[in-house]
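Coordinates in review
Now for the letters of each chain:
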Amino acid sequence: MADLDDHPPFSAASGGVGALEPPEPPPPPFDETARARAILAAQPVLEGHAELPVLLDPEDLPPARARETGAQLWSLDVDGDDGAIGTLRRLDTIRALVAACPEDLRLAHTTSEMAHARNCGRVAALLGPVGWTALGGSAATLRAYHALGVRAVNLTRFDRFAREAVREMNRIGLAVDLSGADQDTVRKVLAVTRAPALLTRAAPDALPDDVLRLLGENGAVCMVPVGEDPAATADLLDRVRDGAGPGSTGLSRLTGRAAGYVPLFAELLRRGWPAGDLVGLAHGNATRALRETEFLSRTNRIRPVAA
């Protein structure tokens, strides 16, 4: 019997059945920028606050936008003195703008139409929010805006009419935008509305922790403007995510379109945001809030119309 010490070393013995394969090369370093581009290419952004260009030059149509944009809420807010007439003029101008850019823009009244526009390679244009003063204290005016395609109204104070207006907005399918509202107004509206609220121009640093928590419980979406410094914007989004939950994050607009949304998403990836939260940030959360508003209105259609 051969001595155990006479056996060849493992490397030599294994050579008879084939040499060991060399170790696989290490994986390439994680590229947050490339992954951010991939996420945004598949999940374009729903912007909460698009505004008309100062000058509508036909040679500059369609208006400049970030390449990662898939849908936009077009603000109908005007100066207080312009009221309903100014709002209707702006609404008419936005409709004309969309009609002049059929290869780029498509008017959408529902989340289904918004998704269809994106699938066709168009940017969905949603009308709203309308400024609170443009209602003139009339529920009839509220319903007229809805009939014209408006899908959001900016509520900045809370009184008896506001309470009834919120209930009517829930009934007919108008999203409540709380941008610019004080803390007490936000609390009172959230106690009345049955649909998720929006803050199309959110300022998370001005919202106390208890208000953020209430927004999260409501399913509201804080749509944060994206500034030139992605880290500063990421700090604001971290505050919303920590205080209200990942389902309450959204994006309002870019202050500078050159870089787009990629630097922000790359920064959030470096901070450990999972892909699912980034999809919600891009458009999933705001789309869900709008869809729930639509669903609530469908269940309320049999209720009598408010006077």
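Right above here is the structure, for reference.
Structure report, in brief. (Residues numbered from 1 in each chain as written. Predicted model: local features only at pLDDT ≥ 70, side-chain atom pairs only at ≥ 80, totals over all residues. Heavy atoms only, no water.)

Our next topic: the overall build of the chain. Along the chain, the regular secondary structure elements total 11 helices and nine strands. Out of the 307 residues in the chain, the part that is buried amounts to 47%. Taking contacts inside the chain between residues at least 6 apart in sequence as the whole, the part at least 24 apart equals 66%. (Helix = DSSP H or I, 4+ residues; strand = E, 2+ residues; numbered from the N terminus. Buried < 20%, exposed > 50% of the residue type's maximum accessible area, 1.4 Å probe, protein only. Contact = heavy atoms within 4.5 Å.)

Next up on the list: the pairing of strand 2 (residues 69-74). Extensive coverage of strand 2 is indicated by the burial of six of its six residues. Pairing geometry for strand 1 (residues 45-50) and strand 2, over four bridges, is parallel. From the neighbouring strand, Glu47 faces strand 2, where its bridge partner is Gln72. In this sheet, strand 4 (residues 123-127) lies alongside strand 2 in parallel orientation, the contact comprising four bridges. The residue of strand 4 that forms the bridge with Ala71 is Ala124. (Pairing = 2+ DSSP bridges.)

The next thing to look at is the packing of aromatic side chains. Counted under the stated rule, the structure contains one aromatic pair. Centroid distance Trp132 to Phe161: 5.4 Å. Interplanar angle 40°. Geometry classified as tilted. One end of the pair, Trp132, is in the loop between strand 4 and helix 5 (139-147); the other, Phe161, is in helix 6 (residues 160-172), with 29 residues separating them in the sequence. Given the relative accessible area of 5%, Trp132 is considered buried. Overall, Phe161 belongs to the partly exposed group, its relative accessible area being 21%. (Phe/Tyr/Trp six-rings, centres within 6.5 Å; stacked < 30°, edge-to-face > 60°.)

It is worth spelling out a negative patch on the surface at this point. Negative charge collects at one region of the surface, where Glu51, Asp77, Asp79, Asp81 and Asp82 lie side by side. On the basis of relative accessibility, which here comes to 58%, the residue Asp79 falls in the exposed class. (Patch = residues over 30% accessible without salt bridge, like charges linked within 9 Å, V, L, I, M, F, W, Y side chains within 5 Å. Areas by Shrake-Rupley, 256 points an atom, 1.4 Å probe, with all protein chains shown as cover. Salt bridge = Lys/Arg side-chain N within 4 Å of Asp/Glu carboxyl O. Lys, Arg positive; Asp, Glu negative; His and termini not counted. Charge placed at Lys NZ, Arg CZ, Asp CG, Glu CD.)

So, about the nonpolar core. Core analysis: the largest hydrophobic core is formed by 69 residues, its most contacted members being Leu178, Leu215, Leu251, Tyr261 and Phe265. With six residues, helix 10 (residues 262-270) is the single largest residue contributor to this core. Counting 16 residues, the second largest nonpolar core, distinct from the first, contains Ala108, Ala124, Leu198 and Val221. (Core = buried A, V, L, I, M, F, W, Y, C linked by side-chain atoms within 4.5 Å.)

Attention shifts here to a nonpolar patch on the surface. A contiguous nonpolar patch, built from Ile85, Leu88 and Leu148 and spanning about 240 Å² of accessible area, is present on the exposed surface. Considering the arrangement of structural elements, one finds Leu88 in helix 3 (residues 83-100). Judged by its relative accessible area of 37%, Leu88 is partly exposed.

To continue, consider empty space enclosed by the protein. Here the structure, examined in full by the defined rule, presents three cavities of 30 Å³ or more. Roughly 90 Å³ of volume is contained in the largest cavity. Lining the largest cavity we find 10 residues, and of these Pro63, Ala64, Arg65, Gln72 and Trp74 sit closest to its centre. Taken together, the residues that form the lining of the largest cavity break down as six nonpolar, one polar and three charged. Roughly 70 Å³ of volume is contained in the second largest cavity. Lining of the second largest cavity is provided by His109, Thr110, Thr111, Leu126, Arg151, Gly173, Ala175, Leu290, Thr293 and Glu294. Per element, the largest residue contribution to the lining of the second largest cavity is three residues, and it comes from helix 11 (residues 275-299). Across the lining of the second largest cavity, the residue classes break down as three nonpolar, five polar and two charged. (1 Å grid on protein atoms, 1.4 Å probe; cavity = no way out; pocket = protein on both sides within 12 Å on 5 of 7 lines; lining within 4 Å. Points joined across faces, edges and corners; volume = space filled by probe spheres on them. Nonpolar A, V, L, I, M, F, W, Y, C, P; charged D, E, K, R; others polar.)

Our focus in this paragraph is the pattern of salt bridges. This model, assessed by the stated rule, comprises 13 salt bridges. Note that Glu168 is salt-bridged to Arg143, the shortest N-O span being 2.9 Å. Residue Glu168 is found in helix 6, and its partner Arg143 is found in helix 5; the two are separated by 25 residues along the sequence. Take Glu168: its relative accessible area is 3%, and that puts it in the buried class. What makes Arg143 partly exposed here is its relative accessible area of 22%. Between Arg187 and Asp184 there is a salt bridge; the shortest N-O distance is 3.1 Å.

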